[in-house]
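# An overview of the molecular structure
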Amino acid sequence: LVFRPLSPETVRAIVRKQMTETFARVSDRGWTVTCTPEVEDVLCARGYSKEYGARPLLRAIEEFVLGPIGRLAPGPVEVKVEDGEIIVRSTESTEP
């Protein structure tokens, strides 16, 4: 069998679907996640390979998004890109 490479639109659709499922899972555990569109761009670039297709996407989401969220206390979380890197941080105010 010969597989054709995925189009950029297909890769982006896979990223969106996986991110939606990931955010639903973490919301069940107490995190509320907001995410900028640039995060999808970085995940598409890092999680897709011509050789393996979209298989590495889940690993990229786990490494760059899910893992860092899990190291934070449950609450509101922001996922964004700064200087080409995915940044995950709590947005909960520490003021009384």
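Residues numbered from 1 in each chain as written. Predicted model: local features only at pLDDT ≥ 70, side-chain atom pairs only at ≥ 80, totals over all residues. Heavy atoms only, no water.

### Thoughts on the pattern of salt bridges
Stated formally: Think of a salt bridge as a Lys or Arg side-chain nitrogen and an Asp or Glu carboxyl oxygen that are within 4 Å of each other. In DSSP terms, a helix is any run of H or I states spanning at least four residues, a strand is any run of E spanning at least two, and both are numbered starting from the N terminus. Buried residues are those whose accessible area, probed at 1.4 Å on protein chains only, stays under 20% of the maximum for their type, while exposed residues exceed 50% and partly exposed ones sit between those limits.
One pass over the structure, following the stated rule, counts eight salt bridges. The salt bridge partner of D41 is R12, with a shortest N-O separation of 2.5 Å. Of the two residues, D41 sits in helix α2 (residues 37–47) while R12 sits in helix α1 (residues 8–27), which places them 29 residues apart along the sequence. Under the relative-accessibility criterion, R12 is labelled partly exposed at 23%. Here the salt bridges share partners, and the residues they tie into one network are R12, R16, E40 and D41.

### Topic: the sheet that holds strand β2 (residues 76–82)
Through backbone hydrogen bonds, the strands of a sheet pair up, either in parallel or in antiparallel fashion. Test applied: We call two strands paired when DSSP finds no fewer than two bridges between them. Here an axis means a line fitted to C-alpha atoms, over the contact stretch when the element is a helix, while the angle between two N-to-C directions is reported on a 0 to 180 degree scale. Whether two residues touch is decided by their heavy atoms; if any such pair falls within 4.5 Å, the residues are in contact.
The strand order across the open sheet built from three strands is β1-β2-β3, with neighbouring strands paired in mixed fashion. Only two strands of the sheet have a single neighbouring strand rather than two, namely β1 (32–35) and β3 (85–90). Each strand axis lies, on average, 20° off the axis of its neighbour in the sheet, ignoring direction. Sheet strands in contact with α2 are β1, β2 and β3, and its direction is about 60° off that of β2.

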